[in-house]
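Listed below, chain by chain, are the residues.
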Amino acid sequence: MIQFLQQLTNGLSIGSVYALMAVGYSLVYSIMNFSNFAHGGVIMLGAYFGFFGLTTFGLPFAAAFVLATAGTALVAIVLERIAYKPLRDRKAPFLYFIISAMGASMFLENFVIATIGPNPKPYPPIIPREPIAIGQLALGRLDLIMFLVSAGCLALLVLFIERTRLGKAIQASAYNMKASALMGINTDSVVILVFALGGFLAGVAGVFYGMKYMVYPTIGNITLKSFIAAVFGGLGSLPGAVLGSVLLGVIETLVAGYLSSQYRDLIAFVILIGVLIVRPTGIMGKTVEDKA
Amino acid sequence: MLTVRDIHVSYGGIRALKGVSLRVEKGEIVTIIGANGAGKSTLLNAISGFLRLGSGDILYQDKPLPKRPDRVVRAGICHVPEGRLVFANLTVEDNLRMGAYLRRDKAAIAADLEKVFGLFPRLKERQRQIAGTLSGGEQQMLAMGRALMTDGDLVLMDEPSLGLAPLLVQTVFDIILEIRALGKTILLVEQNAYKALDAADRAYVLEQGRIVKEGPAAEVKADPSVRAAYLGTESNQAG
């Protein structure tokens, strides 16, 4: 039982970081109807921004965190302006967006390899390694912080989307861009806002992922997991993205803990395919009818 | 109030409007009739800022109309789009409140909400219902009510009777007259030429991107070529 709880808490922690990534994916998908495969590159840059903030600039953790998240929000906006806005203006088919996203992703990865180098770098030890004991349960401090900060960010995002005027504009635009514009909503600003929010969450995820493992140029590949989680939960649905991510994190750690870590990704993909066979729109996805 | 001067619009490689000019005076109902593909919706989308003008210009209250949809709304033109485009995932009331997105005066918004419910008692009954579950006629009313919530003075309506049962078609045209009675000006695009000409003060006939006829609605309705092309016999259109 203790081992199960232990695995569960680990799973929740990594699942919450997947959720940050998956929500960024889903936000963009809900507005633009395409998967932003360059999101992983933004997460990778977030990890590097945090790393250089702490090492080269010697900033305290909070300042490095702000630098990383503000930096990725900005990168995400610039990415949208360069890679997607020209396509939006020409009303290009969505395949072009995917190609542009892949190009941007390759650019970011290789740019970092060329300028910083391909070798993984460890984050400086900021969070003490010794776990907090609750009864027989040993909670890693970093895992706890990851979970709490991620959950906090997601809660703030939900409040923003549900309670503010701009949040309403995002919801309306996710449903229909033309109808939103007819309400007087500047849909171009909504797109920028969505990329900024996704970029901010990518920064948080990047810093945590770098702290938990290491920083390296292909760190963005991890977003494949969050993409699976987003599809699993239902692309375009934010609660679905969170649910899918947490489930994926928990399933992964349980498989790694009880079976073998070599089967971890195999099982994750099997579950994805299984869910999509039964429910092509994911657990909480929009039905095809109401998007038409 | 609205002056469209010699506008040309192309999209998807097709020249959809080839020099269209028209005007709408305050308090009027002006209708544009024409066959499918004549460019009626294109014209409304060009006014609303969704399509770029190749040439020509559009004046609203003697000033150039902005070229971005949200700014056109801000300028005071609202648009009931073809196909209604209600927010099917939101309640009726939330849909109407989205119409007031640009407005800050809560008292005025509440007053207009009551006005819309007065116009559409059906929507009041269903204000907590999710818009996607409404019937086609109710969604059309919601789209009209939502446009009115922007408090625009000029209402563009794109095929409001499309796909509705004959009884509802009459209701929609009754409501158009009531909306005018609220002090709004209406530019109406319709395939149901018979009803549209009955409701309108003036009419334009659009054919293949060009205005081929214009005048008082009664005159256009009496024109033999219009009768032949768009009206058929009264009995099969009166619905």
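Residues numbered from 1 in each chain as written. Chains lettered and ligands numbered in written order. Predicted model: local features only at pLDDT ≥ 70, side-chain atom pairs only at ≥ 80, totals over all residues.

**Here's the deal with the overall build of chain A**
Across its full length, chain A holds 12 helices and two strands. Ordered by position in the sequence, the α and β elements of chain A form the string α-α-α-α-β-β-α-α-α-α-α-α-α-α. Each principal axis of the C-alpha distribution contributes one length, and for chain A these read about 60 × 45 × 35 Å. Counting the 292 residues in chain A, one finds 50% classified as buried. (Helix = DSSP H or I, 4+ residues; strand = E, 2+ residues; numbered from the N terminus. Buried ≥ 20, exposed ≤ 12 C-beta atoms within 10 Å, placed from the backbone.)

**Describing the overall build of chain B**
Each helix and strand counted, chain B has 11 helices and 10 strands in total. On C-alpha atoms alone, chain B measures out to a radius of gyration of 17 Å, which is about the 18 Å that the 2.2 N^0.38 rule sets for 239 residues. For chain B, the spread of C-alpha atoms along the principal axes amounts to about 45 × 45 × 35 Å. For chain B, the residues scored as buried account for 46% of the 239 residues in total. When contacts within chain B are restricted to residue pairs at least 6 apart in sequence, long-range pairs at least 24 apart make up 67% of them. (Rg over C-alpha atoms; globule rule 2.2 N^0.38 Å. Contact = placed C-beta atoms within 7 Å.)

**A look at unusual backbone geometry**
Of note, the phi angle at Asn33(A) is positive, near 60°, even though the residue is not glycine. Tracing the backbone shows Asn33(A) in the loop between helix H1 (2–32) and helix H2 (39–54). On the neighbour-count criterion, Asn33(A) (14 C-beta atoms within 10 Å) is partly exposed. Even without a glycine there, the phi angle at Asp6(B) is positive, about 50°. Position of Asp6(B) among the secondary structure elements: in strand S1 (residues 2–11).

**What about the sheet that holds strand S10 (residues 210–216) of chain B?**
All names here are of chain B. Taken in spatial order, the six strands of this open sheet run S6-S7-S8-S3-S9-S10, and their pairing is mixed. Of all strands in the sheet, those with a lone pairing partner are strand S6 (77–80) and S10, marking the two edges. Strand-to-strand twist across the sheet, computed as the mean angle between neighbouring axes with direction ignored, equals 15°. Both strand S9 (residues 202–207) and S10 contribute to a ladder of six bridges, which runs antiparallel. (Pairing = 2+ DSSP bridges. Axes fitted to C-alpha atoms, helices over the stretch in contact; angles between N-to-C directions.)

**Looking at the environment of Tyr123(A)**
Relative to the assigned elements, Tyr123(A) resides in the loop between helix H4 (94–115) and strand S1 (132–134). On a C-alpha basis, the gap between Tyr123(A) and Gly50(A) in space is 8.7 Å, while along the polypeptide they are 73 residues apart.

**Some details on the interface of chain B and chain A**
Chain B puts 16 residues into the contact, and the matching count from chain A is 13 residues. Contributing elements (two or more residues each) for the side of chain B that touches chain A: helix H2 (69–75) and helix H3 (92–99) of chain B. Counting residues per element, the side of chain B that touches chain A draws most heavily on H2(B), which supplies four residues. Looking at the side of chain B that touches chain A, its residues break down into nine nonpolar, five polar and two charged. (Nonpolar A, V, L, I, M, F, W, Y, C, P; charged D, E, K, R; others polar.)

**Concerning the nonpolar core**
One recurring pattern in soluble globular proteins: nonpolar side chains tend to sit buried together. Core analysis: the largest hydrophobic core is formed by 165 residues, its most contacted members being Val23(A), Val194(A) and Ala205(A). Other than its neighbours up to four places away in sequence, Val23(A) contacts Leu154(A), Leu157(A), Leu201(A), Leu238(A), Ala241(A) and Val242(A). (Core = buried A, V, L, I, M, F, W, Y, C linked by C-beta atoms within 7 Å.)

**Thoughts on the sheet that holds strand S2 (residues 14–24) of chain B**
Residue and element names in this part refer to chain B. The four strands are arranged S2-S1-S4-S5 in an open sheet whose pairing can be described as antiparallel. Of all the strands in the sheet, just S2 and strand S5 (63–64) have a single pairing partner and so form its edges. As defined by bridge partners, S1 adjoins S2 across eight bridges and the pair is classed as antiparallel. By the bridge assignment, Thr3 is partnered in S2 with Arg23.

**Here we look at the confidence of the model for chain B**
Residue and element names in this part refer to chain B. Here chain B shows a mean pLDDT of 93. Residues at 70 or above account for 97%. Taken as a whole, residues 235–239 scores under 50 in pLDDT and shows six contacts with residues more than four places along the chain or in a different chain. Complex prediction metrics read pTM 0.89 and ipTM 0.91. (pLDDT = per-residue confidence, 0-100.)

**Points about the packing of H2(A) against H4(A)**
Residues and elements named next belong to chain A. Running from N to C, H2 and H4 cross one another at 25°; their axes reach a closest spacing of 8 Å. Judged on the interaxial angle alone, H4 and H2 are roughly parallel. Considering the relative orientation of H2 and H4, their crossing is left-handed. Facing Gly40, Gly41, Met44, Leu45 and Tyr48 of H2, the residues of H4 in contact are Ala104, Ser105, Leu108, Glu109 and Val112. Its residues placed into classes, the contact of H2 with H4 shows six nonpolar, three polar and one charged. (Parallel < 35°, antiparallel > 145°, perpendicular 65-115°, else oblique. Left-handed = near helix turned anticlockwise from the far one by under 90°.)

**Side note on the environment of Thr218(A)**
Inspection of the secondary structure assignment puts Thr218(A) in the loop between helix H8 (187–212) and helix H9 (223–233). Separated by 30 residues in the primary sequence, Thr218(A) and Asp188(A) place their C-alpha atoms 31 Å from one another.

**A closer look at the pairing of S1(B)**
Residues and elements named next belong to chain B. Hairpin remark: S1 followed by S2, antiparallel, with two residues in the connecting loop; positive phi at Gly12, about 60°. Sheet analysis places S1 next to strand S4 (residues 55–60), joined by five bridges and oriented antiparallel. Across the sheet, the residue bridging to Val4 is Ile58, located in S4.

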